[in-house]
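# Structural overview
Read off the chains here:
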Amino acid sequence: MHTDLPAPLAARGLLTIFGSTFLELVGYFMLTPWLVLRLSERGAGPAVVGLFAASAWIGILLVTPLASALTQRLGRRRALALSAAVPALAGLGYALPWQGTATLALWFALKLVAGMASGLRWVLAESIVAECSPLARRGRYVGLFETMVGVTFVLGPLLLAAVGPSSEAALVLSVALLTGGWLGSLALPALPEPHAGEAGHALGWRGVRQALRAHPVIMAAGFCGGFFESGLTSILPLYGLALGLGAAAAALLVSASGLGSAVLMLPAGLAADWLGRRPARRGGAGGARLFLMRLAAAATLLATLVIPWVADTPWLAWPVAFLWGGAGGTLYTLAMIDIGARERGVALVNATAVLVLAYTLGGVLAPSLAGAALQWAPRAGFPALLLAVALACLVLLARARAGGRV
């Protein structure tokens, strides 16, 4: 097990990442719906708006495998500063006068580049939190960080509604928050940065493949987490409408999922710490994390098994959505805690990159596959798809062995 960083260095690293990430994500989740609304007001169709929103995820997928190589080349401090500066600069680009197709193309390019920068920051922030957390309390800090990220999902849109969903003031405030995130990132202390060659870990795509071979089941848990926490969120209103719920009630299913994610991630991290300290615990701390991941996967499966009764009892949709979001977020949080306990430096960045990639793939595939299932076979196809994913995740975790290739 890795030793702690010096306490002052670790505390400064955690404070920097928590503070700067909070500001940047509040600005990001304020800016994204503002852009969508402005595009709609200017006559863009749903397909164009959807593609625009997806371009950020495409950027994340493009940059994630290169995160370790970029980090090694720039150093963590400069890489973090760059990843925070790009979205702020992109925000300034959205203030340029609207010139029709030319401006639309510029917006797409800015969203793609900002997405790439956000993907790099995602990997860096997660890995730095895991590395700076004290060994005995890593679960607490990682769980707290994930909970904070979930809070920004709510605060950003709330600020947008308060300032004015389509106002210029909203753009100014979001860019100010993004700039604050960049300025805060400059305070990151110089953390130890082992060279890839000396540590025996590759960079770029080779490093990603190396990390995938080292942690295959953890990455499967990341995919399942992204599928049920992030991916299904966008399809939940459609699921609610298919159940016969009204538009407002169907939209509230998203809140139920988000509430589950926000409420359960910190307790999961605390439980990982507590169980890991029990001397009689079979498999030690690694076994405790694996046990909790199995519980989360089992909760996902049990919630999915309830689907056949939801059509006749619509109120069941809320606890089901709560468990999907909570269990999915818990799987991701525990996976991050696990690789943070096992890896350091370049290896930690590589493993985090693969976890983010797996989570993102789950988040991207879920709405398209679930949407098709709801359209063509809402009674059988939709639950069958979700059962297949949940069952596959549980089987992989059940077959995993603590201390082995998790």
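Above: the structure in question.
Just so we're clear, the structure is a prediction, and the values are computed from it rather than from any experiment.

Another aspect to go through is the pattern of salt bridges. Considering all chains together, one arrives at 5 salt bridges under this definition. For arginine 38, the salt bridge goes to glutamate 41, with nearest N and O atoms at 3.9 Å. Placement of the pair is arginine 38 and glutamate 41 together in helix α1 (residues 7-41), with a separation of 3 residues, close to one helical turn. On the basis of relative accessible area, arginine 38 is assigned to the buried category, the value being 10%. The closest approach of N and O atoms between arginine 38 and glutamate 168, which form a salt bridge, is 3.1 Å. Taken together, the residues span a long stretch of sequence, with arginine 38 in helix α1 and glutamate 168 in helix α7 (residues 168-185) at a distance of 130 residues. Residue glutamate 168 is classed as partly exposed on the basis of its relative accessible area of 46%. Within this structure, Arg38, Glu41 and Glu168 form a network of salt bridges that share partners.

Interhelical geometry of helix α5 (residues 101-132) versus helix α16 (residues 345-376) gives an angle of 125° and a closest axis separation of 9 Å. Relative to α16, α5 is oriented oblique. Considering the relative orientation of α5 and α16, their crossing is right-handed. The residues of α16 that touch α5, namely those facing Trp122, Val123, Glu126, Ser127, Ala130 and Glu131, are Gly345, Leu348, Val349, Thr352, Ala353, Val356, Tyr359 and Thr360. When its residues are assigned to classes, the contact of α5 with α16 shows 8 nonpolar, 4 polar and 2 charged.

So, how was this worked out
Residues numbered from 1 in each chain as written. Predicted model: local features only at pLDDT ≥ 70, side-chain atom pairs only at ≥ 80, totals over all residues. Heavy atoms only, no water. Salt bridge = Lys/Arg side-chain N within 4 Å of Asp/Glu carboxyl O. Helix = DSSP H or I, 4+ residues; strand = E, 2+ residues; numbered from the N terminus. Buried < 20%, exposed > 50% of the residue type's maximum accessible area, 1.4 Å probe, protein only. Axes fitted to C-alpha atoms, helices over the stretch in contact; angles between N-to-C directions. Parallel < 35°, antiparallel > 145°, perpendicular 65-115°, else oblique. Left-handed = near helix turned anticlockwise from the far one by under 90°. Contact = heavy atoms within 4.5 Å. Nonpolar A, V, L, I, M, F, W, Y, C, P; charged D, E, K, R; others polar.

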